[in-house]
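Reading the structure
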Amino acid sequence: MNNPIPLMPGGADRLLLMETFVRIVEAGSLSAAAQQMGGTQPTISRRLQALERALGVRLLQRSTHAMKLTEDGVRCYERAKELIMQWQAFESDMRGAGDEPTGTLRVVAPHAFGQQQFIEPLVNYLKKYPRMTVEWLLFDRPPDFIASGIDCAIDVGPLLDPSMIAVRLGDVPRIAVAAPSVLDGGRVPQEPEELARLPWIALRMFYRTEVALTHVVTGEARTIGIRPRLSTDSLHAVRAAALQGLGAGIGSEWLLAEDLAAGNLVHLAPQWEAEALPVHLIYPPARFYPARLRRFIETMRAFLPQALRRTTGLPAPADRRDA
């Protein structure tokens, strides 16, 4: 009869030891794993040692500056991941399809959207599932799902990683705007070519030296060259600079709605718009997805298509007509 893996203080069992080991490998260090699991580095270290003693093998070679899997560690990592997924699937089957999510969900969202548009569905999710907590991480670069322990990310713009599972949530309409002072008392430009003469603020992820606009009725597309006074990777910075009268910029309708309604910004070439940006919820492929992720996806899919078009009351593109 095999000797059982010894329990750690506090009742840690085999599954917890394996989960800890997998998290160490994927996070890249004991300290990072401790942060993700909400524990301390000594606790994580003791669990690793307990697993190594129970299996009778060394899983990691550690030095001051590096951590490397041993040959046994590589085999243990692959088997541990498989066993954990099997257990999660078994647990879900036993609880039924309506199992209530528990634990922590780590989500990455873009700064602008993560501070405003996505907060309402996030709060709805947390109110509906009181046993859940969410780490809501805001940054605009692609996340490292494994190393950072990320469950899913909200991605705005073209998909860059075809290996990810992507759930389409909707599209973000975008328009060109400027402060009235930029027009210096002149009329509002109606054609894209007129916009080329204005100073510009570039949102460098989506446009830098040229802007492509499409007519909302005819579908005609035109591209104009621009010379930005300011180039930034922040949508909020584009809006703030536009409000200060630095130049024209392109932004999401939902973000500019109040400024347009108040007259602080004007809609340039109102019969034309930039290409809408797709919004996806992305996550790594796996054989099993926990309830906390499945329920989050359901919440976002139900809410966001309507939220993304909550703007100034501008008519939908199909309904706009030339004056």
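Before reading on, note that the structure itself is shown above.
Bear in mind that the values here come from a model prediction, so they are computed numbers and not experimental data.

Looking only at helices and strands, the protein chain features eleven helices and 13 strands. A buried classification covers 43% of the 323 residues belonging to the protein chain. In the protein chain, the proportion of contacts linking residues at least 24 apart, taken out of those at least 6 apart, comes to 74%. Element-wise, carbon and sulfur atoms account for 50% of the exposed surface of the protein chain, whose accessible area totals about 17,100 Å².

Within the element layout of this structure, H280 appears in strand β13 (residues 272-283). Among the residues examined, H280 registers a relative accessible area of 8% and is labelled buried. Discounting chain neighbours no more than four positions away, the residues touching H280 are A153, I154, D155, G157, L159, A166, V167, R168 and L169.

The subject of this paragraph is the packing of aromatic side chains. A full pass over the atoms with the stated rule returns six aromatic pairs. Plain terms: the ring middles of W200 and Y207 are 6.2 Å apart, the flat faces sit at 85° to each other, and that makes the pair edge-to-face. A relative accessible area of 0% means that W200 is categorised as buried. Geometrically, the ring pair formed by Y283 and Y289 is edge-to-face, given 5.1 Å between the ring centres and 80° between the ring planes. Put simply, the rings of F113, F118 and W254 pair up and form one aromatic cluster.

Here we come to the nonpolar core. In a soluble, globular protein the nonpolar side chains are often hidden away together inside. Core analysis: the biggest nonpolar cluster contains 61 residues, and W136, L195, W200, Y207 and F296 have the highest contact counts within it. With seven residues, the top contributor of residues to this core is strand β6 (residues 165-178). What W136 contacts, discounting residues up to four positions off in sequence, is V107, A109, G114, F118, I119, L122, I154, F296 and M300. L17, V22, L60 and I84 belong to the second-largest nonpolar core, a separate cluster that totals 20 residues.

Contact pair helix α9 (residues 235-243) / helix α10 (residues 253-262): the axes reach a minimum separation of 11 Å and the direction vectors enclose 20°. On the basis of the axis angle, α9 is roughly parallel to α10. Seen from above, α9 lies across α10 with right-handed handedness. Residue-level contacts link L235, H236, R239 and L243 of α9 to L255, L256 and D259 of α10. Its residues placed into classes, the contact of α9 with α10 shows four nonpolar, one polar and two charged.

Here we come to the environment of R174. Along the chain, R174 falls in strand β6. Separated by 78 residues in sequence, R174 and S252 have C-alpha atoms that sit 4.4 Å apart. Here R174 is in contact with F206, I250, G251, S252, E253, E273, A274, E275 and L277, once residues within four sequence places are set aside.

Any two side chains of opposite charge can pair, on the condition that their charged atoms come close. Per the counting criterion, the structure on display carries eleven salt bridges. The partner of R222 in a salt bridge is E191, and the shortest N-O contact between them spans 2.9 Å. On the criterion of sequence distance, the pair formed by R222 in strand β9 (residues 221-225) and E191 in the loop between α7 (180-183) and α8 (192-195) is long-range, its members being 31 residues apart. Across the salt bridge formed by R222 and E220, the nearest N and O atoms sit 2.9 Å from each other. With a relative accessible area of 36%, E220 lands in the partly exposed category.

Taken together, the buried positions of helix α2 (residues 30-37) are occupied by L30, A33, A34 and Q36. Viewed end-on, α2 has its buried residues packed into an arc of 165°, placing them on one side of the element. Tucked into the core, α2 has its buried residues touching α1 (14-27), α3 (41-55), β1 (60-62), β2 (67-69) and β3 (103-109). Downstream of α2 by a residue or two, G38 has a phi angle that is positive, lying close to 70°.

On to the packing of α2 against α3. Between two packed helices, both the angle of their axes relative to each other and the distance between the axes serve to describe the pair. In the contact formed by α2 and α3, the axes pass within 8 Å of each other and the chain directions differ by 110°. Comparing their axes, α3 and α2 come out roughly perpendicular. On the side of α2, the interface is formed by L30, S31, A33, A34 and M37, while α3 contributes Q41, I44, S45 and R47. Grouping the constituent residues of the contact of α2 with α3 by class yields five nonpolar, three polar and one charged.

Analysis parameters
Residues numbered from 1 in each chain as written. Predicted model: local features only at pLDDT ≥ 70, side-chain atom pairs only at ≥ 80, totals over all residues. Heavy atoms only, no water. Helix = DSSP H or I, 4+ residues; strand = E, 2+ residues; numbered from the N terminus. Buried < 20%, exposed > 50% of the residue type's maximum accessible area, 1.4 Å probe, protein only. Contact = heavy atoms within 4.5 Å. Areas by Shrake-Rupley, 256 points an atom, 1.4 Å probe, with all protein chains shown as cover. Phe/Tyr/Trp six-rings, centres within 6.5 Å; stacked < 30°, edge-to-face > 60°. Core = buried A, V, L, I, M, F, W, Y, C linked by side-chain atoms within 4.5 Å. Axes fitted to C-alpha atoms, helices over the stretch in contact; angles between N-to-C directions. Parallel < 35°, antiparallel > 145°, perpendicular 65-115°, else oblique. Left-handed = near helix turned anticlockwise from the far one by under 90°. Nonpolar A, V, L, I, M, F, W, Y, C, P; charged D, E, K, R; others polar. Salt bridge = Lys/Arg side-chain N within 4 Å of Asp/Glu carboxyl O. Arc of directions from axis to C-beta.

Purely geometric stuff here, so don't read any function into it on its own.
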